[in-house]
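# Per-entry structural report
These are the residues of each chain, in order.
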Amino acid sequence: MVMETERKAGALVFAVNGERFELPTVDPSTTLLEFLRSRTPFKSVKLSCGEGGCGACVVLLSKYDPVLDKVEDCTISSCLTLLCNINRCSITTSEGIGNSKDGFHPIHQRFAGFHASQCGFCTPGICVSLFGALVNAEKSNRLEPPPGFSKLTVSEAEKAVAGNLCRCTGYRPIADACKSLAADVDIEDLGFNSFWRKEDSKEVKKSKLPLYNCNNEVCTFPEFLKKEIRSGMYLDSERYNWYSPASVGELQNLLKVNKGTEMKIVVSNTGMGYYKELERYETYIDLKHIPELSILRIDQTGVEIGATVTISKVIEALTKERQHDFHSRDEIVFRKIASHMEKVASEFIRNTASVGGNLVMAQRKGFPSDIATILLAVDSVVDIMSGHQFERITLEEFLLRPPLDINNVLLSVKIPSVRKAFPETNTILLFETYRAAPRPLGKALAFLNAAFLAEVSPCETSDGILVNQCQLAFGAYGTKHAIRARRVEEFLSGKILNAEVLYEAIKLVRATVVPEDGTANPAYRSSLASGFLFEFFSSLLDRGAEITTSFLNGCKSTSLVKHSKLGQNNDQFYSNKSPTLISSARQVVELSKSYHPVGEPVTKSGAAIQASGEAIYVDDIPSPTNCLHGAFIYSAKPLAQVKSINVNSKPHLDGVAAVISHKDIPEVGENIGSSFMFGTEPLFADDLTQCAGQRLALVVADTQKNADRAALSAVVTYGMEDLEPPILSVEEAVKRSSFFEVPSFIDPKPVGDISKGMADADHKIVSAEIKLGSQYYFYMETQAALAVPDEDNCIVVYSSTQCPEYAHSVIARCLGIPEHNVRVLTRRAGGAFGGKTVPSLPVATACALAAHKLHRPVRIYLNRKTDMITTGGRHPMKITYTVGFKSDGKVTALQLEILIDAGIAPDMSPMMPHTIMSALQKYDWGALSFDIKVCKTNNVSKSAMRAPGDVQGSFIAEAIIEHVASTLSLEVDSVRSLNLHKYNSLKSFYQDSAGEPLEYALPSIWDKLAMSSRFNQRIEMVKKFNGEHKWKKRGISRVPIIFGVRVRPTPGRVSILKDGSIVVEVGGIEIGQGLWTKVKQITAFGLNSILGSEDGDLLDRVRVIQADTLSLIQGGVTGGSTTSESSCEAVRLCCNILVERLTPFKERLQEQMGPIKWEALISLAHLQSVNLAASSFYIPDAASSLYLNYGAAVSEVEVNLLTGETTMLQVDIIYDCGQSLNPAVDLGQIEGGFVQGIGFFMSEEWLTNSDGLLVTDSTWTYKIPSMDTIPKQFNVEILNSSHNEKRVLSSKASGEPPLLLAVSVHCATRAAIKEARKQLLSWSSLDEYKSIFQLDVPATFPVVKELCGLDAVEKYLEWSLGKNM
Ligand SMILES: Cc1cc2nc3c(=O)[nH]c(=O)nc-3n(C[C@H](O)[C@H](O)[C@H](O)COP(=O)(O)OP(=O)(O)OC[C@H]3O[C@@H](n4cnc5c(N)ncnc54)[C@H](O)[C@@H]3O)c2cc1C
Ligand code: FES
Ligand code: FES
């Protein structure tokens, strides 16, 4: 008999949501995510980036310690975790914490009630992130929270989800849902929700929240697994090729035995997020079970960290209150290190990512590590094992060595106590770490990081400060590894600090921190190094006397070290210590009762199942038997012959079933991948590729991973013979007259007499230029489709598309079959933003083609990189303008030349001139003329992205107004006000869409916003702030928008089933915008009149079902912001028909039977063959199809002049929603749209190589807003403007227009930069810092910093030293 404690080799066993899984064998490269999604029913775990950067795949990992009888829980990213790594662990997904069958968890209910889920693709991951924090908070020994709340704090709740990305909501409602569980929340701080009314008392509000009771909390670790663990089973290494040595000796043997084989050492595999290796290894060696590698010991000699210890554990240990009298110098250093480590990746990565893995990545592959830099500054040492040799070397030496080979293992790293190097007690020890990165709370690699340790003391001979010693480390700036700036250290040591010394030190830093060739923004990165050094030392310059006094008063090291960010108190660097996440938000919403339940903030349809992860997206549909998976091979060249495509160059690429290219298109079919009203685009390049990123072929394989692997490693041979050079710029397109035609019916028309307008001008700006780049959709669900061949040459395609009707006809054309052989089904899309209109069509079509050819189901779920590279995005453009204006700032004429880069196909690009002009005309330009060219280039086709053209038009208008104001040295806000339309000018610019004078709401919004945002007072406060602060400047800006929309025809059908439940079909697709919710509301409203008084609301009886192109035809495109309202109107027409049929029937029954209930009425109607289905096709009449939307925003920002970081301090928006159909939904659209706009204007950099191939193609390089980069105060007021019969129940659109308001953030940033330049001019008396400058879009840190002066610190020091007088 085997003893209970004896180790027995066994199968891979784990639990998911309490269910036992035992896998007799598995490919060791399988990730947890792959397993969950393909082999369990738990689809809440979403794949969005596959590289640890988004949080859609977060699950809770629970481990059981049989000795302590304790369960440890933490969140992890399942896309990077290898399955063998979770042997004997328990996994909890969002379905596991609650679901529709067993009851939702209060987290799910609160996400629904706070309107925190739109498309829902991010929601399950966010719920689990919050759940993880909740579970751990409940384990703490904190005081019991009030009933209904948890032990979480507000700040923990926010931070728990700060690593999760959401592209829809703008985060504010997510933060509210999370905070609602926190013990210390002030319920009045929580935003608009469906639980309570604003006027309810605090107690009532609390009572209305879905109850949370920690005693009902989900068990995260099942008993059966505990028993199995106690029985001492371990993984049978041979069977899985997965070895888990239990000692260093075993590890040495394993390395020896497996020498020469393809072997990989793993700890938690998060490194794969960055390196995305394609290799399959024969053997995996997991270091986690070696006790020596998991030590974490803190004692008087320092901190010893085993290589496999996770970053989270190190943070926890370093921040723990220590019982014994630990030396304060060490304590401070440890805390700073911990606080820096909290900015490494996100919590769900740090929970498994090992410190050793990080350092090895830095050593071996030049990874821009933070940990290497900060540990380098404190003279850390490492223990390494090479074969049978052990050695202890400094971290610096370790980094300098050639890359470790597989036989070298990092065992541990030691941070020595600083007391050893700095034994002096009569000195002050300063330690600080720095990083400049696009997101303050991590989730972004640093442009540069640094850590400085310095021992200083008051100088005995003067009131200066003496630098005894210092250790300065810099990293991540485009260097092979972090470095110690030895020359600077030597220079500073022994010097008395003064401006001259600091100036020289900074010059030396500049010469030391030199990014390698090819690094992006090299000058910016070097400037960060000098900025941080300046920040570290400069406050000491003026504070010698103060420091000496405090020193003499016994403060010595402690107090100063504690506040070693020396500027903290003198307010120069840290004037705004506002909380890092959202500090407050206000929503002002007027509810309209006129069309109940329309106008109510009804919870989003399906929000709870979205939160629990039960909502089904295309890739969640179980694969039919024999299903294959496809991945695109795309071109890396812009214009070249495709000579061959070889996918079999590596023998390990198994599972490939076929490579489908244009040659596989049936003879009766067409090489067509998409089609819009202006033309088509081929599905695959034929023998000539037209752009980098063009689809060349589809690899079809047994799994998505094999297909992706094969596609990525495919070798394409190109030829360039006899080809003209590609057209990669609009300028080149003009030279070669390469344009798409703009049909005259959508060509915008000039306004007024341009010559007269120019002649009337007092001043002119001639031929100024602006360039705008692209923006990627970044929907959380990438393009997806599943095609299933059907009988008789038919095909069913599930597509994540915004326009199933278009997919339908393109598929039919490509396959050469009649349209009635094709059926396209779309239930919902996990975010779309225009990217699932035309760009979704080739994915559905390629899937259909492969399925058709192979007679097998085929599915495609694009990986993030392929999606980013092949899927167009916003249109880049070049604008040249000449503007004439009076001396008071009134513009009299504007002349524009706009060159739009449309890419290789027309897509919807010919509509761009119209949309650009529509939004640009928000000001009265006097006269307006333009020449807009839609350029055909050898770039990927650009398509519609939320507010296509409008956002650029609005920006161009603001850039011109800013230019005029700067030229005249006028306040820009007054120039804006002066140029706002009066009704008459509005009419001449907008003609058919201007509406009646009373409908022109902008002037009143403009004034109202000034009041509600305290605009004028804040301008004064900003001025005061700027006068008082050198290294931070603020800017504030108010911006208006006018956005024209067109309501388009659309179908609808309402059917009442025998039991009284109602099924609704509409042309529009639910993409997160709340269409289904509004449609449900209008159905309930439309049928209301035949409802009995006791019947209650119909809302819960309505279900909106998926779009089916054979069931409801002519669905058109979901886009342009008006699909919700037109779908609602179509449904209302159906309801009218049903009411008309049922009313007389009901009256007859009532006469015979008295009052009759809804169910009885419908049942009898069925019996009597009343037609209970009604269809409609809503065609808006000419008078109501066009209308204008109005809004305005005030944004205030703060720019850090040393780093270029822009913090959005406050945003106030007023937006006119007409009579909102659902203010909760509209609020979500306003906030979400605005935040997406912030991404465009501030952070999302779409960069290509010289062939036009996108290089910012991952979450590592493309930065959408995250919870820590949105406005700290975010106030939105929805204006319920007057009734208007011409619009659908008087409502207005909300999907796109609010995105334009984000330009206010850009303008405010420009205002802050202006202040910085004014200051710089006063220091340098150089004319180069002119007040007229262009601020690029996006205004990233490097862009802002460059305008604020890359050498601002040097200029300041030179000025203070009188060097430039
Ligand atoms: C989304 C994301 C964001 C990140 N952001 C940051 C950031 O901002 N700053 C930062 O510093 N880091 C960042 N990281 C890096 C992160 O810290 C590392 O991925 C992690 O620490 C690696 O640990 P691991 O246990 O997962 O290593 P693994 O992925 O298992 O291993 C990494 C590599 O090291 C080798 N290896 C591991 N341990 C040893 C050892 N003891 N001896 C020899 N070889 C070994 C492995 O073979 C592999 O090649 C980020 C990572 C992700 C995924
Ligand atoms: S899918 Fe795993 S973090 Fe994005
Ligand atoms: S709701 Fe968050 S990504 Fe759509």
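Residues numbered from 1 in each chain as written. Chains lettered and ligands numbered in written order. Predicted model: local features only at pLDDT ≥ 70, side-chain atom pairs only at ≥ 80, totals over all residues. Heavy atoms only, no water.

As recorded by an unreviewed UniProt entry, the chain carries the name Indole-3-acetaldehyde oxidase and is attributed to Ziziphus jujuba. UniProt, in its Sequence similarities (unreviewed entry) section for the chain, records the words "Belongs to the xanthine dehydrogenase family." (UniProt positions renumbered as here; feature names shortened; annotations may be inferred.)

### What to know about helix α26 (residues 704-712)
Of all 9 residues in α26, 7 are buried; the element is thus mostly enclosed. Contacts from the buried residues of α26 go to β21 (628-634), β23 (656-660), β27 (695-701) and β34 (858-861). (Buried < 20%, exposed > 50% of the residue type's maximum accessible area, 1.4 Å probe, protein only. Helix = DSSP H or I, 4+ residues; strand = E, 2+ residues; numbered from the N terminus. Contact = heavy atoms within 4.5 Å.)

### A look at helix α46 (residues 1352-1360)
Counting buried residues along α46, 7 of its 9 residues qualify, which places the element largely inside the surrounding structure. All buried positions along α46 are accounted for by Ala-1352, Val-1353, Glu-1354, Lys-1355, Tyr-1356, Leu-1357 and Glu-1358. Within two residues after α46, Gly-1362 carries a phi angle of roughly 70°, on the positive side.

### Let's talk about the sheet that holds strand β29 (residues 739-740)
The mixed open sheet is built from 5 strands, whose spatial order is β29-β37-β36-β35-β30. Strands at the two margins of the open sheet, each flanked by one partner only, are β29 and β30 (763-772). Sheet topology places strand β35 (residues 877-885) next to strand β36 (residues 891-903); 9 bridges connect them, and they run antiparallel. Bridge pairing links Tyr-881 to Leu-896 in β36. Across the sheet, helix α32 (residues 912-920) is in contact with β35, β36 and β37 (927-936); its angle to β36 comes to roughly 145°. (Pairing = 2+ DSSP bridges. Axes fitted to C-alpha atoms, helices over the stretch in contact; angles between N-to-C directions.)

### Some thoughts on the sheet that holds β21
Hydrogen bonds between backbone atoms are what pair the strands of a sheet, whose relative direction is either parallel or antiparallel. Ordered in space as β23-β27-β21-β34-β31-β32-β33-β42, the 8 strands form an open sheet in which the pairing is mixed. At either end of the open sheet lies a strand with only one pairing partner, and these are β23 and β42 (1107-1108). As defined by bridge partners, β23 adjoins β27 across 4 bridges and the pair is classed as antiparallel. Residue Ala-658 lies in a different strand from β27, and its bridge partner there is Val-700. Across the face of the sheet, α26 comes into contact with β21, β23, β27 and β34 while running at roughly 20° to β21. Helix α30 (residues 841-854) rests against β21, β23, β27, β31 (784-790), β32 (794-799) and β34 of the sheet, and its axis sits at about 30° to β31.

### Looking at the packing of helix α42 (residues 1223-1243) against helix α44 (residues 1303-1324)
Where α42 meets α44, the closest approach of the two axes is 8 Å, and the angle between their N-to-C directions is 45°. In terms of orientation, α42 lies oblique with respect to α44. Between α42, through Phe-1234, Ile-1238, Phe-1241 and Met-1242, and α44, the contact on the second element is made entirely by Val-1303, Ser-1304, Val-1305, His-1306 and Thr-1309. Along the lines of polarity and charge, the residues of the contact of α42 with α44 split into 6 nonpolar, 3 polar and no charged. (Parallel < 35°, antiparallel > 145°, perpendicular 65-115°, else oblique. Nonpolar A, V, L, I, M, F, W, Y, C, P; charged D, E, K, R; others polar.)

### As for the nonpolar core
Within soluble globular proteins, side chains that are nonpolar tend to cluster in buried spots. The biggest cluster of nonpolar side chains holds 415 residues, and the ones touching the most others in it are Phe-111, Phe-474, Leu-896 and Trp-925. The contacts of Leu-896, once residues within four sequence positions are left out, are Ile-879, Thr-880, Tyr-881, Met-917, Leu-920, Leu-928, Ser-929, Phe-930, Asp-931, Ile-956 and Ile-960. By size, the runner-up hydrophobic cluster in this structure holds 14 residues, among which are Ala-631, Ala-697, Val-699 and Ala-701. (Core = buried A, V, L, I, M, F, W, Y, C linked by side-chain atoms within 4.5 Å.)

### Observations concerning the UniProt feature "binding site: Mo-molybdopterin" (unreviewed entry) in the chain
With numbering aligned to this structure, UniProt lists the feature "binding site: Mo-molybdopterin" (unreviewed entry) at Gln-802, Phe-833, Arg-946 and Gly-1120. For the annotated residues, spread through 319 residues, the largest C-alpha to C-alpha distance comes to 12.4 Å, consistent with a single compact locus. Note that Gln-802 resides in the loop between β32 and α29 (804-815). Note on Gln-802: relative accessible area 3%, which makes it buried. Once you skip the residues sitting within four places of it in the chain, Gln-802 turns out to touch Ala-832, Phe-833, Gly-834, Gly-835, Lys-836, Thr-837, Ile-1069, Ile-1071, Gly-1116, Val-1117 and Thr-1118. Within the local environment of Gln-802, its side chain forms a polar contact with the backbone nitrogen of Gly-834, the two atoms lying 3.0 Å apart. Counting through the fold element by element, Phe-833 comes out in the loop between β33 (822-826) and α30. If we ignore the near neighbours within four places in the chain, the residues touching Phe-833 are Arg-167, Cys-168, Tyr-777, Phe-778, Tyr-779, Gln-802, Ala-944, Met-945, Arg-946 and Gln-1236. (Polar contact = N/O pair within 3.5 Å; in protein donor to acceptor, adjacent residues only side chain to side chain.)

### Remarks on the pairing of strand β43 (residues 1173-1178)
A one-sided burial pattern is seen for β43, the buried positions being Ala-1174, Ser-1176 and Tyr-1178 and the unburied ones Ala-1173, Ser-1175 and Phe-1177. Here strand β39 (residues 1050-1056) runs beside β43; their pairing, made up of 6 bridges, is antiparallel. Across the sheet, residue Pro-1051 finds its bridge partner in β43, namely Phe-1177.

### What about the packing of aromatic side chains?
Following the criterion strictly, the structure yields 42 aromatic pairs and no others. Plain terms: the ring middles of Phe-121 and Tyr-617 are 5.0 Å apart, the flat faces sit at 85° to each other, and that makes the pair edge-to-face. Of this pair, Phe-121 sits in the loop between α3 (106-113) and α4 (123-139) while Tyr-617 sits in the loop between α25 (607-612) and β21; the two residues are 496 residues apart in sequence, bridging distant segments of the chain. In this structure Phe-121 comes out as buried when scored by relative accessible area, which is 4%. Here Tyr-776 and Tyr-1262 contribute two aromatic rings whose centre-to-centre distance is 5.9 Å and whose plane-to-plane angle is 80°, an arrangement assigned as edge-to-face. Of this pair, Tyr-776 sits in the loop between β30 and β31 while Tyr-1262 sits in the loop between α42 and β46 (1273-1279), and the two are 486 residues apart along the sequence. Linked through ring pairs, Tyr-434, Phe-452, Phe-474, Phe-532, Phe-536 and Phe-537 together constitute an aromatic cluster. When the ring centre of Phe-739 is taken as origin, the NZ or CZ atom of Lys-933, which lies over that ring, is 5.8 Å away. Over the ring of Trp-1006 we find Arg-1038; its NZ or CZ atom is 3.8 Å from the centre of that ring. (Phe/Tyr/Trp six-rings, centres within 6.5 Å; stacked < 30°, edge-to-face > 60°. Lys NZ or Arg CZ within 6 Å of the ring centre and 35° of its normal.)

### As for the site of ligand 1
The environment of ligand 1 is made up of 34 residues, and the closest members are Ile-265, Thr-270, Gly-271, Ser-354 and Asp-370. In this structure, an oxygen atom belonging to ligand 1 sits 2.6 Å away from a side-chain N or O atom of Ser-354. Asp-370 places a main-chain nitrogen or oxygen 2.7 Å from an oxygen atom of ligand 1. Relative to its unbound accessible area of 980 Å², ligand 1 is 96% covered by the protein chains. Secondary structure elements with two or more residues in the shell around ligand 1: β9 (263-266), α15 (355-365), α16 (370-377) and β15 (408-416). (Near = heavy atom within 4 Å. Areas by Shrake-Rupley, 256 points an atom, 1.4 Å probe, with all protein chains shown as cover.)

### So, the packing of helix α12 (residues 311-319) against helix α13 (residues 328-341)
Between α12 and α13, whose axes approach to 8 Å, the crossing angle comes to 150°. Considering only the axes of α12 and α13, their crossing is left-handed. Touching Ile-311, Val-314, Ile-315, Leu-318 and Thr-319 of α12 are Glu-331, Phe-334, Arg-335, Ile-337, Ala-338 and Met-341, all from α13. Among the residues forming the contact of α12 with α13, the class breakdown is 8 nonpolar, 1 polar and 2 charged. (Left-handed = near helix turned anticlockwise from the far one by under 90°.)

### Observations concerning the pattern of salt bridges
One pass over the full model with this rule turns up 82 salt bridges. When the shortest N-O distance is used, the salt bridge between Glu-277 and Lys-365 registers 3.2 Å. Of this pair, Glu-277 sits in the loop between α11 (272-275) and β10 (283-286) while Lys-365 sits in helix α15, and the two are 88 residues apart along the sequence. Residue classification places Lys-365 among the partly exposed positions, given a relative accessible area of 40%. The closest approach of N and O atoms between Glu-1358 and Lys-1355, which form a salt bridge, is 4.0 Å. Of the two residues, Glu-1358 and Lys-1355 both sit in helix α46, 3 residues apart, roughly one turn of that helix. You'll find Glu-1358 and Lys-1355 in the same group, each marked buried. Connected through salt bridges with shared partners, the residues Arg-37, Lys-46, Asp-619, Asp-620 and Arg-859 form a single ionic network. (Salt bridge = Lys/Arg side-chain N within 4 Å of Asp/Glu carboxyl O.)

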